[in-house]
Amino acid sequence: MNNKIKSLVVAVLVALVGVFCHPSDVQAHGERAQMPQLRMRTVHWIDVKASTTKLAVNDIVKISGQFMPSEFWPHHVKSIENTAFLNVGVPGPSFVRLDSRVNGVPMIRSTSFRKGELYDFEITLKARKVGRYHVHTVINVEGAGPMIGPGLWIEVTGDNAKFTNTAKTLLGETIDLENYGFANVELWSAIWFAVGLAWFVYWLTKCPIVVPRFKRNQELGVDADQMITATDRRVGGIFLALALTLIVGGYVYAQERWPITTPLQTGKIDVPQVHHTDDTVTLKLIEARYRIPGRSFRLELEVSNHGSSPVTVGEFAAGNLRFINAKVLDVKPLDDHDLVASDALRVEGGPVAPGATQKVVLFADDAMWETERMTTMISSPDAVVAGLLHFYDANGKRYLVEFGGPMIPDFGMVKG
Amino acid sequence: MTMTNADKSAANAPQSQSYGLSSEIERRKAYVQADLLVIPLIILLFMGVFSFHFALLVGDWDYWVDWRDRRWWPLVTPLALTVLPGVFGFLLWDKLRLPLGGTLTILCLTLAAWVSRYLNFHLFAGFPMNFVWPSTYIALGLILDCLLLLTRSFFWTGLFGGFAFGLLIYPLNWAMLAAFQVPLELHGTMLTVADLMGYEYIRTAIPEYVRIIEESTLRTFGAAVTPLTAVFAGFLNILNYWFWLWIGYLGAKAIWIRKIV
């Protein structure tokens, strides 16, 4: 029995340690849990990078890149063309966001993004807490939730206590956002707590109160108000006057101390178009098949090259997974969790000559389909997939073309 | 089955003697022990129940300083906050003649809120305390209790106290909140200090558009949004307080227990 109690105590202590110890090396936070269709058909992220992956508290890191809302956005998911917000996926405020821009427009407020359009973004963060964080770009879509971008490991060193974050008000006062106004909050909270406690203690001084007052109340019945003494009423009057005086006094004090205030600010802003549609390369999806036993995605496309230089596929990106054609590109993962398969894209039928339209077959074979839980795409209610193809011409110029359409799973049960 | 003489004498004896409490000192000691058991339990109950209730119905409006606007926060909060003071205020007055329901329940809520904000929001999640401090509502409960004590009437307490409860939330908290609504500029956009904190201290699951603030419009009345909301909240809260008193009245009758047993 004693051993059981000891084991229980140890288990509780271990659980408490788990709860109260702040995780400094935070692991991934659910990006794999999102449905594959949601990942493949919402937002395509391109060239997401960090200006540094190791910095000290108070140092700046910039996360930048591009994104493109999918033309194949699921009908059952609220559209990014309504209300959206560029965000960062980090465990708590381990960084503070000093700036975030899309096409150069500050993203302090919410906005909306057009499907099929390419956007540039840059987020400026200042390191606040020591730790190693998997920092994701995120676009929150109203009614649909977060659309999570690729994650980058960023390590913050130094001393949390040395973090500073100041701002200057329009009245010319420089404030420290880490503790601004809190002493005043503590003071008023303490005053009200003391007043409330004093009221409670006044009635506690009549202890014992529960049983005797209950019995007396029963005895007196409709005359139970006799239990209230004249002193009680006087004290009640004093506390009422005190409460009203403090409320009015506090309000007048605040009006004197901060005479100029504005209501909370909200609203939506527009983002102008920067990248215009480029139809140099167009394509038509003929067939998309996913072979489950081989973790192999096969795409059959009809590609038209309207440019002046032959083009070939260098990268196939879907759901933050990147499959690279090593014959065209040399891309290495940035860290252990960078979802890049450096030589996993096989292309048959390319390059496509200028003015030509020809069939191109892609094979994206890698265990990432399985490890990143993309194989559950066969559970989709509409079995539609989408992805982004990176075509490169002979000069290395890139053309981004999205594909999308129905996907047929291959369970490996049919021979031949 | 017949009663013996001994049984009859025991049944007719004073209640205290039947429990072996022969002296005044012993009786008092037992009553004090009952207080020591019941009062801490009630405090814990109020802390738990009110925290849960408040988190469900008010939640973000009280968690974050950039949610405390002049339209929704002063309207939603009194409607949710009146529930426990109404129900338990009735029970404590009706059964014990104690005008404590308002102050004690809100005192417990405040205590639980500070513990939660400090441990969960500040120490664990890492938000600065000046971004997540709980609003104060103790004065509202105190006004209800004092009015109940002075008028000894639920009707007048509801009429004046219920109204004051809704009316005074904003001015009561303005002493703490005003500092966070001072304007500043960020990248060509005017914000309040609270807005800036909401932008800078990243909340992955709370994008800007999630805030339910400053929605709808008042075509007239100029910029007098705050007093209008306060008066409207006050009127609404009169009915709200009476309603929850009635629920307390039903609870005190314990009809539901008799239906179960």
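This one's a predicted model, so the numbers in the text were calculated from it and none came from an experiment. (Residues numbered from 1 in each chain as written. Chains lettered and ligands numbered in written order. Predicted model: local features only at pLDDT ≥ 70, side-chain atom pairs only at ≥ 80, totals over all residues.)

Engineer: Could you clarify how one ought to interpret the overall build of chain B in this entry?
Structural biologist: When helices and strands are tallied, chain B shows 14 helices and 2 strands. Evaluated residue by residue, chain B yields a buried proportion of 48% over its 261 residues. Taking contacts inside chain B between residues at least 6 apart in sequence as the whole, the part at least 24 apart equals 71%. (Helix = DSSP H or I, 4+ residues; strand = E, 2+ residues; numbered from the N terminus. Buried ≥ 20, exposed ≤ 12 C-beta atoms within 10 Å, placed from the backbone. Contact = placed C-beta atoms within 7 Å.)

Engineer: Would you mind going over the confidence of the model for chain A with me for this structure?
Structural biologist: Atom-level detail of predicted coordinates should not be read off regions where pLDDT is low. When pLDDT is averaged along chain A, the result is 90; 92% of the residues meet or exceed 70. In the model, residues 20-27 of chain A has pLDDT below 50 throughout and makes 11 contacts with residues more than four positions away in sequence or in other chains. (pLDDT = per-residue confidence, 0-100.)

Engineer: Looking at this structure, how should I read the domain arrangement of chain A?
Structural biologist: A common way to express how large an interface is: the accessible area buried when the components associate. Residue and element names in this part refer to chain A. Splitting chain A by domain gives domain 1 (22-160) and domain 2 (281-410). Placing the centre of domain 1 and that of domain 2 at their C-alpha centroids yields a distance of 24 Å. Contacts between the two partners involve 21 residues from domain 1 and, on the opposite side, 22 residues from domain 2. When residues of the side of domain 1 that touches domain 2 are assigned to their parent elements, the largest contribution, 5 residues, is made by strand 9 (residues 145-157). In terms of residue class, the side of domain 1 that touches domain 2 is built from 11 nonpolar, 6 polar and 4 charged. (Domains from an automatic or database assignment. Nonpolar A, V, L, I, M, F, W, Y, C, P; charged D, E, K, R; others polar.)

Engineer: Before we go on, may I ask you to explain the sheet that holds strand 6 (residues 105-106) of chain A in this structure?
Structural biologist: The strands that make up a sheet are held in pairs by hydrogen bonds between backbone atoms, and each pair lies either parallel or antiparallel. Residues and elements named next belong to chain A. Taken together, the 5 strands give an open sheet; going across it, the order is 1-3-7-5-6, and neighbouring strands pair in antiparallel fashion. The sheet terminates laterally at strand 1 (43-50) and strand 6, the two strands that pair on one side only. Both strand 1 and strand 3 (residues 60-69) contribute to a ladder of 6 bridges, which runs antiparallel. When the bridges of strand 3 are listed, I46 appears paired with Q66. (Pairing = 2+ DSSP bridges.)

Engineer: How should the interface of chain B and chain A be read in this particular structure?
Structural biologist: Opposite the 74 residues of chain B that make contact, chain A presents 83 residues. Examining the composition of the side of chain B that touches chain A, we find that 9 residues originate from one element, helix 9 (residues 138-151) of chain B, more than from any other. Looking at the side of chain B that touches chain A residue by residue, the class counts come to 48 nonpolar, 11 polar and 15 charged.

Engineer: Can you walk me through the pairing of strand 4 (residues 84-89) of chain A in this structure?
Structural biologist: Note on strand geometry: in a regular strand, side chains alternate between the two faces of the sheet. Residue and element names in this part refer to chain A. Counting buried positions along strand 4 yields 6 of 6 residues, so the element is predominantly enclosed. On strand 4, burial covers both faces: A84, L86 and V88 on one face and F85, N87 and G89 on the other are all buried. Two elements, strand 4 and strand 8 (residues 131-141), share 6 bridges in a ladder whose sense is antiparallel. Within strand 8, the residue paired with G89 across the bridge is H136.

Engineer: How do you make sense of the environment of B:I143 when you look at a structure like this?
Structural biologist: Mapped onto the elements of the fold, B:I143 is located in helix 9. In this structure, B:I143 is in contact with A:L240, A:A243, B:G161, B:A164 and B:F165, ignoring residues within four places of it in sequence.

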